[in-house]
Amino acid sequence: MSDQPSLFDEPEDDSSFSQNTNDTSLMAEVKQLHDQLNQANYQYYVLDDPQLPDAEYDRLFHRLKEIETSHPECLTPDSPTQRVGAAPLSHFEQVTHDVPMLSLDNAFDAQDMRDFNRRVSERIKHVDEVFYACEPKLDGIAVSLLYEGGLLVRAATRGDGAVGENITQNIRTVPSIPLKLLGENYPAVLEVRGEVYMPKKGFNDFNEKARAREEKLFVNPRNAAAGSLRQLDPKITATRPLEFCCYSLGRAEGGEVPAKHSEILSQFSKWGFKINPEMRVVKGIEGCLEYYEQLAEKRNSLAYEIDGIVFKVDDINLQQQLGFVSRAPRWAIAHKFPAQEEMTLLKDVEFQVGRTGAITPVARLEPVFVGGVTVSNATLHNMDEIARLGVMVGDTVIIRRAGDVIPQIVSVVQSKRPASAKAIVFPLACPVCDSHIERIEGEAVSRCSGGLVCAAQRKEAIKHFASRKAMDIDGLGDKLVEQLVDEGLIESFLDLYSLKLDRLMNLERMGEKSAQNLLASIEASKQTTLPKFLYSLGIREVGVATAQNLVNHFLDLKILVKADLDALLEVDDVGPIVAEHILSFFAEPHNQKIIDGLLNIGISWPVIEKKDASELPLAGQTFVVTGTLASMGRDQAKDYLQRLGAKVAGSVSAKTHGLVAGEKAGSKLTKAQDLDVAILDETAFLALLNQHGISHVS
Ligand code: 9MJ
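Note that the structure is a prediction, hence the values are computed from the model and not measured.

Criteria and cut-off values
- Residues numbered from 1 in each chain as written.
- Predicted model: local features only at pLDDT ≥ 70, side-chain atom pairs only at ≥ 80, totals over all residues.
- Heavy atoms only, no water.
- Axes fitted to C-alpha atoms, helices over the stretch in contact; angles between N-to-C directions.
- Helix = DSSP H or I, 4+ residues; strand = E, 2+ residues; numbered from the N terminus.
- Parallel < 35°, antiparallel > 145°, perpendicular 65-115°, else oblique.
- Contact = heavy atoms within 4.5 Å.
- Nonpolar A, V, L, I, M, F, W, Y, C, P; charged D, E, K, R; others polar.
- Near = heavy atom within 4 Å.
- Polar contact = N/O pair within 3.5 Å; in protein donor to acceptor, adjacent residues only side chain to side chain.
- Areas by Shrake-Rupley, 256 points an atom, 1.4 Å probe, with all protein chains shown as cover.
- Pairing = 2+ DSSP bridges.
- Salt bridge = Lys/Arg side-chain N within 4 Å of Asp/Glu carboxyl O.
- Buried < 20%, exposed > 50% of the residue type's maximum accessible area, 1.4 Å probe, protein only.
- Core = buried A, V, L, I, M, F, W, Y, C linked by side-chain atoms within 4.5 Å.
- Domains from an automatic or database assignment.

### Looking at the packing of helix α21 (residues 576-587) against helix α22 (residues 589-600)
Interaxial distance between α21 and α22 falls to 5 Å at its minimum, and their mutual angle equals 75°. Taken as axis vectors, α21 and α22 run roughly perpendicular relative to one another. Together, Phe 585, Phe 586 and Ala 587 of α21 and Pro 589, Asn 591, Gln 592 and Ile 595 of α22 make up the contact between the two elements. For the contact of α21 with α22, the class distribution of residues is five nonpolar, two polar and no charged.

### Points about the site of the ligand
In the vicinity of the ligand, the contacting residues are Leu 102, Leu 104, Glu 135, Pro 136, Lys 137, Leu 138, Glu 195, Tyr 247, Val 310 and Lys 312. Here a nitrogen atom of the ligand sits 3.4 Å away from a polar atom, N or O, in the side chain of Glu 195. Measuring from a nitrogen atom of the ligand, one finds a side-chain N or O atom of Lys 312 at 2.8 Å. Protein coverage of the free-state accessible area of the ligand, which is 340 Å², stands at 90%. Only β3 (131-138) and β10 (306-313) provide two or more residues apiece to the shell around the ligand. Looking at which element gives the most residues to the shell around the ligand, the answer is β3, with four residues. Class assignment for the residues of the shell around the ligand results in six nonpolar, no polar and four charged.

### Thoughts on the sheet that holds β3
If you walk across this open sheet you meet the five strands as β2-β13-β10-β3-β9, and the pairing is mixed. Strands at the two margins of the open sheet, each flanked by one partner only, are β2 (106-107) and β9 (280-283). The pairing of β3 with β9 spans four bridges and is classified as antiparallel. Paired with Phe 131 across the strands is Lys 283, a residue of β9. Strands in contact with helix α10 (residues 284-298) are β3, β9, β10 and β13 (332-336); relative to β9, the strand with the most contacts, it is inclined by about 135°.

### Observations regarding the pattern of salt bridges
Overall, the coordinates contain 28 salt bridges when judged by the stated rule. Two residues, Glu 29 and Arg 63, come together in a salt bridge whose shortest N-O distance is 2.6 Å. Residue Glu 29 is located in helix α2 (residues 24-46), and its partner Arg 63 is located in helix α3 (residues 54-70); the two are separated by 34 residues in the primary sequence. Residue classification places Arg 63 among the partly exposed residues on the basis of a relative accessible area of 28%. Put simply, Lys 274 and Glu 243 hold a salt bridge, and the shortest N to O gap is 2.8 Å. Here Lys 274, found in the loop between α9 (261-270) and β9, pairs with Glu 243, found in strand β8 (residues 243-253); they are 31 residues apart in sequence, far enough to count as distant. Lys 274 gets classed as buried once you look at its relative accessible area, which sits at 12%. What emerges from the salt-bridge pattern is a single network uniting Glu 29, Arg 63 and Glu 66.

### Quick look at the nonpolar core
Counting residues in hydrophobic clusters, the biggest one holds 51 residues, and the most contacted among them are Ile 473, Leu 484, Leu 496, Leu 534, Leu 537 and Leu 550. Secondary structure elements with two or more residues in this core: α13 (455-466), α14 (478-486), α16 (512-524), α17 (530-536), α18 (544-554), α19 (557-562), α21 and α22. Examining the composition of this core, we find that five residues originate from one element, α21, more than from any other. Among the domains, domain 4 (451-524) and domain 5 (530-600) are the pair contributing at least three residues each to this core. Counting 35 residues, the second largest nonpolar core, distinct from the first, contains Tyr 147, Val 192, Phe 218 and Phe 244.

### Some points on the side chain of His 464
Mapped onto the elements, His 464 comes out in helix α13. In terms of polar contacts, His 464 uses its side chain to reach the backbone carbonyl oxygen of Tyr 535, at 2.8 Å. Residues contacting His 464, with those up to four places away along its chain left out, are Arg 355, Ala 470, Tyr 535, Ser 536 and Gly 538.

### Topic: the sheet that holds β8
Strands sit in the order β5-β4-β7-β8 across an open sheet of four strands; the sheet is antiparallel. The sheet is open, and its two borders are formed by β5 (151-157) and β8, each paired with just one other strand. In this sheet, neighbouring strand axes are inclined to one another by 25° on average, regardless of whether the strands run parallel or antiparallel. The pairing of strand β4 (residues 141-148) with β5 spans six bridges and is antiparallel. Residue Val 143 lies in a different strand from β5, and its bridge partner there is Thr 157. Where α9 meets the sheet, it contacts β7 (189-197) and β8, and its direction lies at approximately 110° from that of β8.

Take a look at the structure:
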């Protein structure tokens, strides 16, 4: 039972309304509002497939609040309005887990996994083939959620596995956790276990804001989740972007649960919980190892941090036969990825100059193996970051490699600081061209004022010009660009187009064949598209999307280069700062010369004609977008469809021409199937875009 007094002592089913108020129509309305808001919450936070427009959600929420204020007897603890609001605690109460929360044994390589599978197989000899449920191991905080009569009555941390802390108030603020189970037929008592975690984006955004406010940053998403749940005031927890994903049953009384672990998870999903969409059931050890490899590949593209894969014998009967050893079940294991944080020595700090002149301090490290790669450099961002870390040359530092991002220095091991440690001094002049360095008030970045006089900026501009999303010059990698500039063969990207075979062949590490291939790639790059060309110029703040928006708006380069501030501000996503960068770029005589030069040597793109809306390929057709697309967000998909003349609707009807359905597509997909609406998976959608001249680059 709950050891949380006040809120949960009331009756716990919907009939509580009838005991509180006599106004049956009001009771019915409150119940309907609860159901609508809970369903909307579930679609938004759990399925990631919003169905109710925000304005409608706000209207329903407001109406419920209004009723609860005027008729306090209608207010129940499971009301969707009651997520935040409890007073701060003085301390967390202890909770004894009815069923201990076990930890998992670890496997660190394929051999450990084979040993695990052998131990399992030897204990259940009567079974020919063992099936394992596998899913990513979330790097967050394990919690237990107790539901009685379908209502959340208690949430606890794992603690030492036997005794944890009561964090119910904080858990209620996590929007993907149901306060009341959805659907029916749930057991009278149900304990659900899972992980509270902070997705990468939420973590980065949170730290970004904390950095701007000069507040303490979180070291990693796991600490962020732990720190957020440790708050005594739930109002603070409510501001943290936490999510919950369930991964096992604690206990169930007074109701049925399926006999397979994977089916229990599917049932949890129907009761309103988020389950991991990557969860699969595989056959035997080979299936496990294959799944591990697949997820290791996918790891960086996941929205959350994982530190391995969890494998569980799927059949609950077999789990019971296998039992436990000390604190871990024999039927489960965590196959860990290589560690992602390591300690190493900061040998030196160098200052790199970027394409826009931004000077970035880069840490030179004693090489260290982190998360599967050897790291010898890490970014230190800017002087503020150096001050925040309090780092000195000679320090021992903790390096973290999060996904595929540049490694970061997380902290300094103060106890290991040698007497010879040296302060890091920011240079007064550009380390490459000696021009003076500017720091604009209010900006953290310092910049070299040398512009294209600075060889470093020139090199970066050329690398950007040649990159895949820009002019896509195959074979012109970063090292070669540096060599070409250092050897004096090119000064700007325009010079690429007058490179000669004999000069190229004389370069170190360059054979005749590679030189010929490079010249052919440079030649081929002359046929491009206007958005790519525009992006390749490297105008500050003009990324792929902005370049595309500018082209959609102006259609022609001649018109764009003459556009004034007002005209630029009409373009989607172009604000005053971006507009200023565009204006000053085209006003600069040096840039004008380069653009003319590029056009004169024959760079060209298909003319874009302004089409009547009715001439566009998808004119008159209505599309709906649902689920998660791996290569783009739903807004981007909608934007493409609209650009091709389609109307984009929020729900599927008999009038819908096509449904673009990503992963985890829910009810819209079922409806489209029922109504025989054409369904395009991501591959088919990208093919459709391609067919109409949109080549999406993720
Ligand atoms: C995580 N962290 O994702 C378990 N876990 O099962 C998954 N942890 C677990 N399962 C039993 N997916 C104990 C811990």
